[in-house]
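If you want the building blocks of each chain, they are given just below.
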Amino acid sequence: MALILKGAPAAAALDNETLKAVHLLKIRGITPTLGILRVGDRPDDMAYEAAAVRRCEKLGIETKLVSLPADVKQGALMAQIARLNSNERIHGVLMFRPLPSHLDERAACAALMPCKDVDGITPESASMLYTGSGGGFAPCTAEAVIALLEHYGIGLDGKNAVVVGRSLVIGRPVSMLLLARNATVTVCHSRTRGLPELTRRADIVVTALGKAESLTADCFMPGQIVIDVGINYSGEKQRLVGDVHFEAVEPIVGAVSPVPAGVGAVTTAILAKHVAAAAGGMT
Ligand code: NAP
């Protein structure tokens, strides 16, 4: 039986730290505030937004929602980003991606002030992460993977880690965060050959490919640590599942994070922590 790496205890520990920081900020007359910029109304964006607002409210962080229609023009989007940048009461900005395909997402990300970039979407944040120069914020989900591992006392120094997925949102940043903690990292993607052999050799496997229950018993070995980042909807009932076939893999490995209630539960706690830090409350 594997240890189940539930997200809630890790999120609660992070929230405790954030609460203290918010309290100290409020003594200084600062109310940490998150601006949320959403284009359109995709159900997954709405679900994440609701969770983020709930978490922030619980921690005394204010939220200001800016919702733009799905057919918004680039100019209007850029003007809105400029307003969020210049609003001194807003300390961090979460902009949902992907943006609708008619928009230039790269330009929108680059327009955000790096000091308000609490989800690591600007080139400056990426540069700090990839050069290891410190400062800036990593994408929240990528950092949530590390926070979950650290909460359960899973050491990374010298470990072999395999990351499945190379997106800018999860795969690449999580690889950099693992590397910065002295793991030896292999990054896999859709062209990788012999994926099961590679994952079987790892101490730690992070899955972020977005394919429902696609990694099954043949990919894993006893004792491995598995962090499942996938959020997928499967079958007629649209059941929420990860990238890992939990029922098949849990009896084999040493520890595995569930979906739901694994990494996802930690992501908004990291977001709140970043907002408090952007407001000047944490390092
Ligand atoms: P993405 O942009 O679609 O990237 C998927 C990555 O997986 C790509 O690098 C792709 O390779 C690779 N891949 C696809 N099929 C593969 C296969 N059969 N074998 C090996 N690699 C394969 O997705 P994403 O934005 O990174 O998200 C990944 C998953 O995480 C999704 O399920 C998403 O819903 C979930 N997610 C979770 C959270 C959370 O808080 N838990 C937050 C955001 C996203 P190529 O580069 O070659 O195409």
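Preceding block: the structure.
Starting afresh in each chain, residues are numbered from 1 along the sequence in its written order. With pLDDT at 70 or above as the cut-off, local features in this predicted model cover only qualifying residues; side-chain atom pairs require 80 or more to be listed or tallied, and sums for whole chains, interfaces and linings still use all residues. Calculated side-chain values reflect all of the structure's heavy atoms, with hydrogen atoms and water omitted.

**Section: the nonpolar core**
Right, so step 1: Ranked by size, the top nonpolar core spans 51 residues in total, and within it L178, V206 and I227 carry the most contacts.
Right, so step 2: Helix numbering and strand numbering both begin at the N terminus, where a helix is a DSSP run of H or I of at least 4 residues and a strand a DSSP run of E of at least 2. The element contributing the most residues to this core is helix α10 (residues 263-278), with nine residues.
Right, so step 3: Built from parts of two domains, this core gets at least three residues from each of domain 1 (29-114) and domain 2 (140-264).
Right, so step 4: Should any heavy atoms of two residues lie within 4.5 Å, those residues are counted as being in contact. Excluding residues that lie within four positions of it along the chain, I227 makes contacts with L5, V145, L148, L149, V205, V206, T207, S257 and V263.
Right, so step 5: Note on terminology: a nonpolar core comprises buried Ala, Val, Leu, Ile, Met, Phe, Trp, Tyr and Cys residues joined through side-chain atoms within 4.5 Å. Think of it in three bands: with a 1.4 Å probe and only protein chains considered, a residue is buried below 20% of the maximum accessible area for its type, exposed above 50%, and partly exposed in between. By size, the runner-up hydrophobic cluster in this structure holds 17 residues, among which are L68, L77, I81 and C109. For each domain, the first and last residues come from an automatic or database assignment.

**Overview of the site of the ligand**
Right, so step 1: Within the structure, the ligand sits among 18 residues, and R166, S167, S190, I231 and T267 are positioned closest to it.
Right, so step 2: S167 has a polar side-chain atom sitting 2.5 Å from an oxygen atom of the ligand.
Right, so step 3: Only the protein chains shown count as cover for residues, with accessible areas throughout obtained via the Shrake-Rupley method and a probe of 1.4 Å. The protein chains hide 68% of the 930 Å² of surface that the ligand would expose on its own.
Right, so step 4: For the shell around the ligand, the per-class residue count stands at six nonpolar, ten polar and two charged. A cutoff of 4 Å decides nearness: a residue is near a molecule or strand if any of its heavy atoms lies inside that distance of it. By the criterion applied in these results, polar contacts are pairs of N or O atoms within 3.5 Å in which, for protein atoms, one can donate a hydrogen and the other can accept it, and in which residues neighboring in sequence qualify only through two side-chain atoms. Polar here means any residue other than Ala, Val, Leu, Ile, Met, Phe, Trp, Tyr, Cys and Pro, which are nonpolar, and Asp, Glu, Lys and Arg, which are charged; Gly is therefore polar.

**Describing the packing of aromatic side chains**
Ring pairs (aromatic) are described by centroid distance and by the angle formed between their planes.
Right, so step 1: Aromatic rings from Phe, Tyr and Trp, taking only the six-membered ring of Trp, are treated as a pair when their centres fall within 6.5 Å; an angle between ring planes under 30 degrees marks them as stacked, one over 60 as edge-to-face, and anything in between as tilted. Counting across every chain of the model gives one aromatic pair.
Right, so step 2: Where Y48 meets F96, the ring centres are 6.0 Å apart and the plane angle is 85°; that geometry is what we call edge-to-face. Placement of the pair is Y48 in helix α2 (residues 43-59) and F96 in the loop between β4 (92-95) and α4 (105-111), with a sequence separation of 48 residues.
Right, so step 3: With a relative accessible area of 22%, Y48 lands in the partly exposed category.
Right, so step 4: Residue classification places F96 among the buried residues on the basis of a relative accessible area of 7%.

**Some thoughts on the sheet that holds strand β5 (residues 160-164)**
Right, so step 1: Reading across from one edge, β1-β11-β8-β7-β5-β6 is the order of the six strands in this open sheet, with parallel pairing throughout. Here the strands that pair on one side only, and so sit at the sheet edges, are β1 (3-4) and β6 (184-188).
Right, so step 2: With four bridges joining them, strand β7 (residues 204-207) and strand β8 (residues 225-228) adopt parallel strand pairing. Residue T207 lies in a different strand from β8, and its bridge partner there is D228.
Right, so step 3: Geometry is summarised by axes, namely lines fitted to C-alpha atoms with helices restricted to the contacting stretch, and by angles between N-to-C directions that run from 0 to 180 degrees. Contacting β5, β6 and β7, helix α7 (residues 171-180) runs over the sheet at an angle of about 170° to β5. A pair of strands is labelled paired if DSSP reports no fewer than 2 bridges between them.

The values reported here are purely geometric and, on their own, carry no functional implication.
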